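Spelled out, the chains give:
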Amino acid sequence: TSELPTAASSNASYANDEVTMIKKLYLPLVALLVLALSSCGKMGELSSDYFTTNPEVLEAIGGKVPVTINGKFPEKYFKKNATVEVTPVLRWKGGEAKGQPAVFQGEKVEGNNQTIAYKAGGSYTMKASFDYVPEMANSELYLDFKITKGKKSYTIPSVKIADGVIATSELPTAASSNASYANDAFQRIIKDAQTANIMFLIQQANLRNSELNSDDIKEFHKKVAEINADTKNYKLNNIEISAYASPDGGVELNTGLAENREANTEKYMERQLKKGKIDTNLDAKYTAQDWEGFQELVSKSNLQDKDLILRVLSMYNDPEQREAEIKNISSVYKTLADEILPQLRRARLTANYDIIGRSDDEINEAFNSDPKVLSVEELLYAATLTNDNARKEAIFTKTTQLYPNDFRAYNNLGELAFAAGDAAKAESYFKQAASKNANAPEVNANLGLCELVKGNVAAAETYLGKATGANAAGEALGNLYIKQGQYDRAVNSFGDAKTNSAAQAQILAKDYNKAKATLSAIKNPDAMTDYLMAIVGARTNNASLVSSSIKSAIAKDPSMAGKAANDREFAKYADAIK
């Protein structure tokens, strides 16, 4: 019994030695196993601190939502035998849009992708662009990660890297722009003239009875008498006498002839005016050698050598040398003498007069009593004499009935409907106008504007390519440039227009002072006018302007409350827009 404790002590000592030995053998194995497991372990979740975006808050530009993503894989993160596919995804309630993925590889992976070192880590830049949809206004940008090692793949938690999307460029302002108006060509006073020629024989200046009794001269005197008698509709300004001699025969001879022809014709007209009791100015002049008339007649003729004759006229300025050179062209000179030169021996009479149209009161009265007596120009002009849109519509409608082939009345009915906010009705009228004249700039400008209202940018661009000259083409183009993300061009196209669209372009171009001035100058501000003013306030850190403008917008259109609540423009002004 006295030896029992000693035996127990010996057994315990043996056991301890055995455990120690096992530990010495086992622990290195455990360390190796842990190291092995660590080297082939999964890559973990990444922090959002490793990522930035430009812009910080996403924004719709030209129908797209572009973003540049700057990312970083930290030190000792990227496994040497791993491949990582990074996909930007814009998510919103009920949907998502994926961007183009980028692939990165570890140091031991053979491939053409960007290599990320295990020890040092690595930075990268990738770009994404999403087709804008309205739901993106309340969305978030994530990065999805798919990691592949050998034949196995797995994902790690997505990382949120940005909020989005500011969609000020997508605000529907095109409908508030001005459509193009097709103008009338009405002139109350139209200048006109009645002409006649008295012809002379070669080297003679006497007035022959056959000429004075010609139908041409009789019609001239009849018209002058009619003008003189109807002072309500006409005003006779003067009668001009222009006497000429043909270029052949020498300068001295022709000067005398032309002068005598002028004098004789003037005396004749003085007697005729006195006889008819016509009081008007008689202005007379003569041209000794009518080379200008000669050149014109030769150019219009079918003479065999007319190009040679015209070349002589361009080469020589001296009258005598010209005449000599032309006479040397023997093959054609007889034809000139028989057909061209006799037409230049003349005195031309010109009665200049004004046609006086109806006054404004007379036009209005005629429309009320008997519109069909009015010309199309008078009817279109009548619409400019009133600010009553109902009367304008009545005038244009009557014009389409009386002059159904003129596109302008249809176009202007469309302009009225567009201004009243009925884009569908306006488009119907514009299409009727196009059926009358598909090339009219006003019609193309307006159809382009209608396509922009519907969001059809490509179709709008086609129409607007044929809109040059339309009075509101600049506004339509400005709206197109907004949709294309060309904000500076949009601002230039709008010019001094005071519309929501013009202010929208100025906001997008970051000219907030000009945008505020434009919005303040709009004659009939609507809810969108106030909403845009609130955006100006948000972008200039003016909380009171945000608050007052949003309240005004909601008062005009209650749906603006929900829109503002989801608009990233007002992310910092939640209290101001309540």
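Numbers given for residues are sequential positions, taken from 1 along each chain in its written order. Per-residue local features of the predicted model are confined to residues with pLDDT of at least 70, and side-chain atom pairs are confined, for both listing and counting, to 80 or more; whole-chain, interface and lining totals are unaffected and use all residues. Based on all heavy atoms of the structure, the side-chain values leave hydrogens and waters out of the count.

**Details of unusual backbone geometry**
The condition is simple: Secondary structure follows DSSP: runs of H or I at least 4 residues long count as helices, runs of E at least 2 residues long count as strands, and numbering of each begins at the N terminus.
In this structure, the amide linkage connecting Asn54 to the following residue, Pro55, adopts the cis form with an omega of 5°. Tracing the backbone through its elements, the reader meets Pro55 in the loop between strand 1 (51–54) and strand 2 (57–59). The backbone of Lys76 shows a phi angle near 55°, a positive value even though the residue is not glycine. Considering the arrangement of structural elements, one finds Lys76 in the loop between strand 3 (64–73) and strand 4 (82–92).

**Some words on the packing of helix 14 (residues 441–453) against helix 15 (residues 457–464)**
Going by this rule: Here an axis means a line fitted to C-alpha atoms, over the contact stretch when the element is a helix, while the angle between two N-to-C directions is reported on a 0 to 180 degree scale. Roughly parallel covers angles under 35 degrees, roughly antiparallel covers those over 145, roughly perpendicular covers 65 to 115, and oblique covers all other angles. Contacts: residue pairs with any heavy atoms within 4.5 Å of one another. Following the grouping adopted for this structure description, the nonpolar residues are Ala, Val, Leu, Ile, Met, Phe, Trp, Tyr, Cys and Pro, the charged ones are Asp, Glu, Lys and Arg, and the polar ones are all others, Gly among them.
Helix 15 packs onto helix 14 with a crossing angle of 170° between their chain directions and a minimal axis gap of 8 Å. Our classification of the angle between helix 14 and helix 15 gives roughly antiparallel. Between helix 14 and helix 15, the residues in contact are Asn444, Ala445, Leu447, Gly448, Glu451 and Leu452 and Ala459, Ala460, Tyr463 and Leu464, respectively. Broken down by class, the residue content of the contact of helix 14 with helix 15 amounts to seven nonpolar, two polar and one charged.

**Quick look at the pairing of strand 3**
Look at any regular strand and the pattern is simple: side chains alternate between the two faces of the sheet. The line we're drawing: For two strands to pair, DSSP has to find at least two bridges joining them.
As defined by bridge partners, strand 1 adjoins strand 3 across four bridges and the pair is classed as antiparallel. For Thr52, the partnering residue across the bridge sits in strand 3 and is Asn70.

**Let's talk about the sheet that holds strand 3**
Taken in spatial order, the three strands line up as 1-3-8 in an open sheet, and their pairing is antiparallel. Of all the strands in the sheet, just strand 1 and strand 8 (122–131) have a single pairing partner and so form its edges. For this sheet, the mean inter-axis angle between neighbouring strands, taken without regard to orientation, is 20°.

**Quick notes on the packing of aromatic side chains**
Let me state the cut-off plainly: For this analysis, a ring pair means two rings from Phe, Tyr or Trp (six-membered ring only for Trp) whose centres lie within 6.5 Å, classed as stacked if their planes differ by under 30 degrees, edge-to-face if by over 60, and tilted for the remaining angles. Here the term buried applies to any residue with accessible area under 20% of the maximum for its type, exposed to any over 50%, and partly exposed to those in between, with areas from a 1.4 Å probe on protein chains only. Lysine NZ or arginine CZ positioned within 6 Å of the ring centre and within 35 degrees of the ring normal marks a charge as sitting over the ring.
Per the counting criterion, the structure on display carries 11 aromatic pairs. For the ring pair Phe73 and Phe78, a centre distance of 5.0 Å and an interplane angle of 85° mean the geometry is edge-to-face. Aromatic side chains Phe73 and Phe104 sit 5.6 Å apart centroid to centroid with 70° between the ring planes, which places their arrangement in the edge-to-face category. Residue Phe73 is found in strand 3, and its partner Phe104 is found in strand 6 (residues 102–105); the two are separated by 31 residues along the sequence. Neither Phe73 nor Phe104 differs from the other in exposure class; each is buried. Against the face of Tyr154 rests Lys42, its NZ or CZ located 5.1 Å from the ring centre. Over the ring of Tyr244 we find Arg346; its NZ or CZ atom is 4.0 Å from the centre of that ring.

**Remarks on the side chain of Asn446**
Put simply, the rule is: Whenever two N or O atoms come within 3.5 Å, that pair is a polar contact, provided that in protein one can donate a hydrogen and the other can accept it, and provided that, for residues adjacent in sequence, both atoms are side-chain atoms.
Following the sequence through the fold, Asn446 ends up in helix 14. Engagement of the side chain of Asn446 in a polar contact is seen with the side chain of Asn411, the distance being 2.9 Å. Those residues in contact with Asn446 that lie beyond four places of it in its chain are Ala179, Ser180, Asn411 and Phe430.

**Concerning helix 4 (residues 251–275)**
Spelled out, the test is: Helix span, expected: 1.5 Å multiplied by one less than the number of residues in the helix.
Taking 1.5 Å per residue, 25 residues should reach 36 Å; helix 4 reaches 36 Å between its end C-alpha atoms and fits that length. Among the residues of helix 4, Asn254, Leu257, Ala258, Arg261, Glu262, Thr265, Tyr268, Met269 and Leu273 are the ones counted as buried. For helix 4, the secondary structure elements touched by its buried residues are strand 11 (189–199), helix 2 (209–212), helix 3 (215–229), strand 12 (234–244), strand 13 (281–287) and strand 14 (346–356). The positive-phi residue at the C-terminal boundary of helix 4 is Lys277, with phi of around 55°.

**Focus on the packing of helix 15 against helix 16 (residues 473–483)**
We apply this condition: Two helices crossing with the near one rotated counterclockwise from the far one by less than a right angle form a left-handed crossing, whereas a clockwise rotation gives a right-handed crossing.
The N-to-C vectors of helix 15 and helix 16 enclose an angle of 145°; their axes lie 10 Å apart at closest approach. Between helix 15 and helix 16 the crossing geometry is left-handed. Along its contact with helix 15, which presents Val457, Glu461 and Leu464, the element helix 16 presents Ala476, Leu477, Leu480 and Lys483. Across the contact of helix 15 with helix 16, the residue classes break down as five nonpolar, no polar and two charged.

**Quick notes on the environment of Lys483**
Secondary-structure assignment places Lys483 in helix 16. Separated by 43 residues in sequence, Lys483 and Asp526 have C-alpha atoms that sit 21 Å apart. Once residues lying within four places of it in the same chain are set aside, the contact partners of Lys483 are Gly62, Gly63, Ser169, Glu170, Leu171, Leu452 and Val457.

**A few points about the environment of Ser493**
Counting through the fold element by element, Ser493 comes out in helix 17 (residues 487–494). Assessed through its relative accessible area of 21%, Ser493 is described here as partly exposed. When the C-alpha atoms of Ser493 and Ala472 are compared, they prove to be 9.8 Å apart, with 21 residues separating the residues in sequence. Setting aside chain neighbours within four positions, we find Ser493 in contact with Gly474, Glu475, Leu477, Gly478 and Tyr481.

**Structural notes on a positive patch on the surface**
For clarity, the cut-off: A residue counts toward a patch only above 30% relative accessible area and without a salt bridge, and it is joined to like-charged neighbours within 9 Å or, for Val, Leu, Ile, Met, Phe, Trp and Tyr, to nonpolar neighbours within 5 Å. Throughout, the Shrake-Rupley method with a 1.4 Å probe supplies accessible areas, and for residues the shown protein chains are the sole cover considered. Only one rule defines a salt bridge in this text: a Lys or Arg side-chain nitrogen within 4 Å of an Asp or Glu carboxyl oxygen. Positive charges are assigned to Lys and Arg, negative charges to Asp and Glu, while His and the chain termini are left out of the count. Charge positions are represented by NZ for Lys, CZ for Arg, CG for Asp and CD for Glu.
On the surface, a cluster of positive charge is contributed by Lys76, Lys80, Lys108 and Lys119. In this structure Lys108 comes out as exposed when scored by relative accessible area, which is 65%.

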